[in-house]
Each structure stands twice: as structure tokens, then as C-alpha cells.
Amino acid sequence: MHKILIVEDEENLNKILQDYLLHYGFEPVSAYTGSEGLHIWRQENLDMILLDLNLPDMDGLDLLREVRKKDQLPVIMISARIDEVERLIGLELGADDYIPKPFSPREVVARVKAVLRRLNRPATRTDRLYLGQLQIDPRGHTASVAGKTLDLTPSEFHLLGQLISEPDRAFTRVELLESTQGSRFEGYERTIDIHIKNIRQKLRALDPDTVYIRTVFGVGYRAGFAKK
Ligand code: CA
């Protein structure tokens, strides 16, 4: 049974999440403030944290930073607005997923399952993937370009891996979203654009003269190797 900490100060929301998680076979633990959340995180052996961004006593991001100093426990951030979510993704703080409010509890449960499945899933492809000077090792979960380590977040790693696994195929944003998150979320296709932008920036920093990801107008993205 997966033990999941809910850090959410809105009591009714906290209760609804508890009920849903229980119903779907999880073991919820609730905190209503950031300090309470940190206390429970130190005491308990958790499998995941559902973390509200706006807490009465601290910023959810500070709690996330505190957790990240110690371990790689999966964290799903819950935030009041989509633009806030976009900013969070840009910050690359290492949250595993982001959910904007208002959310449906059913969707939250789907996201929780998707993140757990993604983290527990054994690597299906054992061979390295190559595109030009870019190299991805799905088993070792490492990527490099021109011999230099490419530092990617888990979502970016999955996204780039998927594009490169089928270099001739144009993927729609929805397909890419489903592969990284396991479920579709209304209005979330834009997050793919943000991830792609971040990946391109990182690639450019190490290999400025090469294009690795092409935008396919009206569709989405595909891998493509070209010298500038
Ligand atoms: Ca709140």
C-alpha cells in the first residue's frame, strides 16, 4: 500500500483527497500546514507527497526544496492557477507533476497512479538511443550531447527519449503529454511547449550548432538532426 502525504490547508479539499485516495487503495496521511507536513515527512516512510503551493505558514516551494535536499520522494505540486503552474515548471525544482486548481479528485488519483507507475516501471528499452551527437541511455537514465552530460528533469528525459525513439514520427502534444504523465489533463498541452523549450535550451548550451527537435506546425514535435 502506498502511503501518501497530503499537505493542503483547505480542510474540505484535504478531506476529499483523503477519501479518494483511500477509496483507490492508497494510505493517505494529512497535514494542514507546511511545518506539520515537514514533521510527518521526517517521521513517516512515505511514497509520495501531494503538496499545495499556498500554505498558511510557508511557501510549498520551500517545503519541496527541503525535501529535495534529502531524497527523491515523488512530489506532485497543486497550485491555484495555470500560469503559476507554468512558472513552477520553468523553475525546474524537481516536482514530478503539477496540478492546477480547481481539480477533480479523480484526475488527481490518475496522476498519482501515473507518477508511481512511471517511477516503478522497469526500463523497457535497454539499447541506447542516438541522434547526431545526442545519446540517451534509458537504463542508466543518463543523457549526453557531444560527450557532455545533459542534465534533464525526469519529464524532460522521458519526452526527449520518446521523440528520439521514433525519429521520423511527429508526435502531437497530447501524445507526448500522455507518455510523460500517463493521463490527459485539460489545458495542459502548453506544458509540453515549456518542457521542449527547456530541453532545447539545454541542448543549445552544450551543442549550439545543431538542431535536435523540430516543431511540426499544427501537430507538435519530432526529433530531427540538422546542422545550423
Ligand atoms: Ca492553500
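Residues numbered from 1 in each chain as written. Predicted model: local features only at pLDDT ≥ 70, side-chain atom pairs only at ≥ 80, totals over all residues. Heavy atoms only, no water.

**Q** Go over the packing of aromatic side chains with me, naming the residues and quoting the values.
**A** For the coordinates displayed, the defined rule picks out one aromatic pair. Taking the centre distance of 6.3 Å and the plane angle of 15° together, the rings of tyrosine 20 and tyrosine 24 count as stacked. According to the relative accessible area criterion, tyrosine 20 is partly exposed, its value standing at 27%. Residue classification places tyrosine 24 among the partly exposed positions, given a relative accessible area of 30%. (Phe/Tyr/Trp six-rings, centres within 6.5 Å; stacked < 30°, edge-to-face > 60°. Buried < 20%, exposed > 50% of the residue type's maximum accessible area, 1.4 Å probe, protein only.)

**Q** Got a sec to walk through the coordination of the calcium ion? Specific residues and values, please.
**A** Protein-derived ligands of the calcium ion are Asp9 (OD), Asp52 (OD) and Asn54 (O), with the metal-ligand distances lying across 2.1 to 2.3 Å. When the donors of the calcium ion are listed by position in the chain, the intervening gaps give D-x42-D-x1-N. Within this pair, whereas aspartate 9 is found in the loop between strand S1 (3-7) and helix H1 (11-23), its partner asparagine 54 is found in the loop between strand S3 (48-52) and helix H3 (60-70), the two being separated by 45 residues in sequence. Looking at asparagine 54, the relative accessible area reads 43%, which means it is partly exposed. (Donors = N, O, S within 2.8 Å, 3.2 Å for Na, K, Ca; no water. Helix = DSSP H or I, 4+ residues; strand = E, 2+ residues; numbered from the N terminus.)

**Q** With reference to specific residues and values, describe the packing of helix H6 (residues 154-165) against helix H8 (residues 189-206).
**A** Where H6 meets H8, the closest approach of the two axes is 10 Å, and the angle between their N-to-C directions is 85°. Compared by their axis directions, H6 and H8 come out roughly perpendicular. Contact with H6, carried on its side by Ser155, Glu156, Leu159, Leu160 and Leu163, involves Ile192, His195, Ile196, Asn198, Ile199 and Lys202 of H8 and no other residues of that element. (Axes fitted to C-alpha atoms, helices over the stretch in contact; angles between N-to-C directions. Parallel < 35°, antiparallel > 145°, perpendicular 65-115°, else oblique. Contact = heavy atoms within 4.5 Å.)

**Q** Which residues make up the sheet that holds strand S8 (residues 142-145), and what values do they have?
**A** With antiparallel pairing, four strands are arranged side by side in an open sheet as S6-S7-S8-S9. Where the open sheet ends on each side, the last strands, each with one partner, are strand S6 (129-131) and strand S9 (148-149). Direction of pairing for strand S7 (residues 134-137) relative to S8: antiparallel, over a ladder of four bridges. Among the inter-strand pairings, aspartate 137 is bridged to a residue of S8, identified as threonine 142. Seen against the sheet, H6 touches S6, S7 and S8 and runs at an angle of roughly 110° to S7. (Pairing = 2+ DSSP bridges.)

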